[in-house]
Amino acid sequence: MSKTMLKFVDRARQMPTKRSAEDRSKDFGEIYEGFEDQEAKDQSSRCSQCGVPFCSVNCPLHNNIPDWLMMTAEGRLEEAYELSSATNTMPEICGRICPQDRLCEGSCVIEQSGHETVTIGSVEKYITDTAFENGWIEPIKPIIERDQSVGIIGAGPGGFAAAARLRGMGYQVHIYDRYDREGGLLVYGIPNFKLDKSVVARRADWLKDSGVTFHMGVNVGVDMSFEDIKSKHDAVVIATGVYKARNIKAPGVGLKNVLPALTYLTASNKKGLGDAVEEYDNGALNAEGKNVVVVGGGDTAMDCVRTAIRQGAKSVKCLYRRDEANMPGSERETANAKEEGVEFVWLSNPEAFVGNDKDEVTGVRAISMRLGPPDATGRRQPRPIEGSSTVHDADLAILALGFEPEELPTLWNQPELPVTNWGTVKVNHRTSMTDMDGVFAIGDIVRGASLVVWAVKDGHDAADNIHKYMQEKTAAAAAE
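A. Region of the structure containing the nonpolar core. Ranked by size, the top nonpolar core spans 99 residues in total, and within it Trp68, Val150, Ile152, Phe226 and Ile238 carry the most contacts. For this core, the element with the highest residue contribution is helix 19 (residues 452–479), accounting for eight residues. When neighbours within four sequence positions are excluded, Phe226 is seen to be in contact with Ile153, Val220, Val236, Ile238, Trp412, Gln414, Met436 and Val439. In terms of nonpolar packing, the next biggest core, distinct from the first, is built from 28 residues, Tyr280, Ala308, Val316 and Leu396 among them.

This is the structure in structure tokens:
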């Protein structure tokens with residue numbers, strides 16, 4: 001055992017320096033600074049190097065966390081990066097946006113003994129940012145170049161992960177996406193204060209330098225048919241994610257200024273990227289000077305409330321129908337929102353949106369809830385308390401209730417594309433392939449709305465399965 005480790009007994013947990021709420025609320029810069037070299041070493045040395053590393057077990061990618069923490073503590077950063085990137089295509093992104101409190105850090109053994117968890121995510125971010133700064137990250141150079149090509153529909157995290165793994169195997173990779181920038185929801189759905197867009201662009205540039213070809217502004221089913229893409233490639237990966245907003249059935253939901261979360265966040269992110277956004281400039285998608293009510297309790301809701309604060313909202317409330325303990329969003333993001341001035345109204349469920357004679361929303365009428373018995377999933381179900389309705393002032397109401405898959409068989413004119421009862425693409429989970437030969441699917445379009453880290457995991461698995469599929473196909477052709 002290295003003498004640099006097991007320092008948790010006399011070294012306290014420390015996060016990177018966090019900008020004050022007053023300071024960070026004025027701009028969209030990332031709120032956490034990076035670790036200094038000694039800070040990263042000190043925090044990595046707190047790892048207990050336990051025999052059963054539950055941090056790795058509960059990471060979807062099963063990252064070799066104890067090993068790269070030890071390497072960081074010993075100053076072997078280039079080796080730490082090599083090990084970190086062996087299981088994760090984009091550790092600097094996961095280090096920033098993964099809900100570590102629910103995954104690796106939430107499973108840390110020393111936290112269970114009362115010493116607080118190792119700051120795994122912050123060290124992960126530090127390792128890769130340092131590797132980029134020192135030029136250790138070089139483009140992928142396959143040992144052999146193959147003639148077969150793979151078309152990936154979707155330039156989000158799953159598409160990135162699959163592309164990187166496939167290029168490493170020597171395949172020719174083409175990514176198609178309807179947006180004008182690479183990154184998908186990493187760019188248009190997640191605000192800069194959590195993930196600066198330069199970080200995503202840097203990773204996209206690395207893929208381009210590695211030989212991945214991006215075809216941006218291509219809306220499949222409109223600009224190019226699915227059949228055209230399928231005919232150009234030996235295999236196709238559907239990695240579109242889920243973008244259709246889940247709606248609420250309540251009177252007044254169709255009023256002006258009642259918006260889906262992604263519409264609001266996309267406008268803000270585009271504005272931050274320097275794009276002309278007319279609806280932002282005319283105030284329709286801008287919270288400045290407004291009473292804002294966000295409905296929902298996940299990370300997207302936290303993105304919305306914190307964006308509204310930065311846009312200069314008059315007031316920002318978040319309504320959630322369960323209590324804080326049952327909130328699905330990250331505890332860290334909720335705490336950051338509270339610090340920045342967001343008011344949370346727990347156990348509150350919207351029952352109507354109130355408007356004026358111009359059909360503009362003026363308030364959200366919500367009823368108080370109580371938690372009843374658990375359902376089949378074990379989660380306690382909210383029940384309304386009669387006569388407890390309250391109207392919350394709202395010039396802008398944002399619905400952050402989750403996302404559903406778009407109807408791909410209809411949009412792409414592919415009625416044979418198999419989907420589940422929920423509209424997600426149906427695959428053989430052992431092979432990642434649909435019932436359509438050579439057509440694979442990964443990420444949220446298979447799982448439903450989920451985490452970036454799971455999309456990365458699916459991208460890696462699909463790449464391995466595609467390689468096996470290609471080899472079997474080549475062997476069969478040779479036999480014939």
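Now that the structure has been shown, the text picks up again.
B. Representation of the packing of aromatic side chains. For the structure shown, the criterion picks out seven aromatic pairs. Ring geometry for Tyr179 versus Tyr243: centroids 6.0 Å apart, planes at 45°, classification tilted. Of this pair, Tyr179 sits in the loop between strand 2 (172–177) and helix 10 (185–188) while Tyr243 is found in the loop between strand 4 (235–238) and strand 5 (244–245), placing the two residues 64 residues apart along the sequence. Tyr243 shares its class with Tyr179; the two are buried. Through a chain of ring-to-ring contacts, the aromatic side chains of Tyr179, Tyr188 and Tyr243 assemble into a single cluster. In this arrangement the basic side chain of Arg146 is found over the ring face of Tyr171, its NZ or CZ atom lying 5.2 Å from the centre. The aromatic ring of Phe193 is capped on one face by Arg310, whose charged end is 4.1 Å from the ring centroid.

C. Quick peek at the sheet that holds strand 6 (residues 258–260). Reading across the sheet, the five strands line up as 6-14-7-8-9 and stay open at both edges, with parallel pairing between neighbours. Both outer strands of the open sheet, strand 6 and strand 9 (343–345), are each paired with one neighbouring strand and no more. Shown here is a sheet whose adjacent strand axes are inclined to one another by a mean of 25°, direction ignored. Seen against the sheet, helix 13 (residues 261–272) touches strand 6 and strand 14 (396–399) and runs at an angle of roughly 80° to strand 6.

D. Layout of the state of the cysteines. A complete count under the given rule lists zero disulfides for this structure. Here Cys98 is not disulfide-linked; the sulfur of Cys94 is the nearest cysteine sulfur, at 4.2 Å. Free cysteine: Cys318, not disulfide-bonded; nearest cysteine sulfur from Cys304 at 9.2 Å. You can call Cys318 buried: its relative accessible area is 1%.

E. View of the pattern of salt bridges. Following the criterion strictly, the structure yields 31 salt bridges and no others. Residue Asp205 pairs with Lys208 through a salt bridge whose shortest N-O separation is 4.0 Å. With Asp205 and Lys208 both in helix 11 (residues 197–209), this residue pair falls three residues apart, about one helical turn. A relative accessible area of 36% means that Lys208 is categorised as partly exposed. Here Asp281 makes a salt bridge to Lys271, at a shortest N to O gap of 2.7 Å. With Asp281 in helix 14 (residues 278–281) and Lys271 in helix 13, this residue pair connects regions lying ten residues apart in the sequence. For Asp281, a relative accessible area of 52% translates into the label exposed. The class for Lys271 is partly exposed, based on a relative accessible area of 31%. It is possible to trace a salt-bridge network through shared partners that takes in Lys18, Arg24, Arg306, Arg310, Glu333, Glu339 and Glu340.

Reading the values: the criteria
- Residues numbered from 1 in each chain as written.
- Predicted model: local features only at pLDDT ≥ 70, side-chain atom pairs only at ≥ 80, totals over all residues.
- Heavy atoms only, no water.
- Core = buried A, V, L, I, M, F, W, Y, C linked by side-chain atoms within 4.5 Å.
- Buried < 20%, exposed > 50% of the residue type's maximum accessible area, 1.4 Å probe, protein only.
- Helix = DSSP H or I, 4+ residues; strand = E, 2+ residues; numbered from the N terminus.
- Contact = heavy atoms within 4.5 Å.
- Phe/Tyr/Trp six-rings, centres within 6.5 Å; stacked < 30°, edge-to-face > 60°.
- Lys NZ or Arg CZ within 6 Å of the ring centre and 35° of its normal.
- Pairing = 2+ DSSP bridges.
- Axes fitted to C-alpha atoms, helices over the stretch in contact; angles between N-to-C directions.
- Disulfide = S-S within 2.5 Å.
- Salt bridge = Lys/Arg side-chain N within 4 Å of Asp/Glu carboxyl O.

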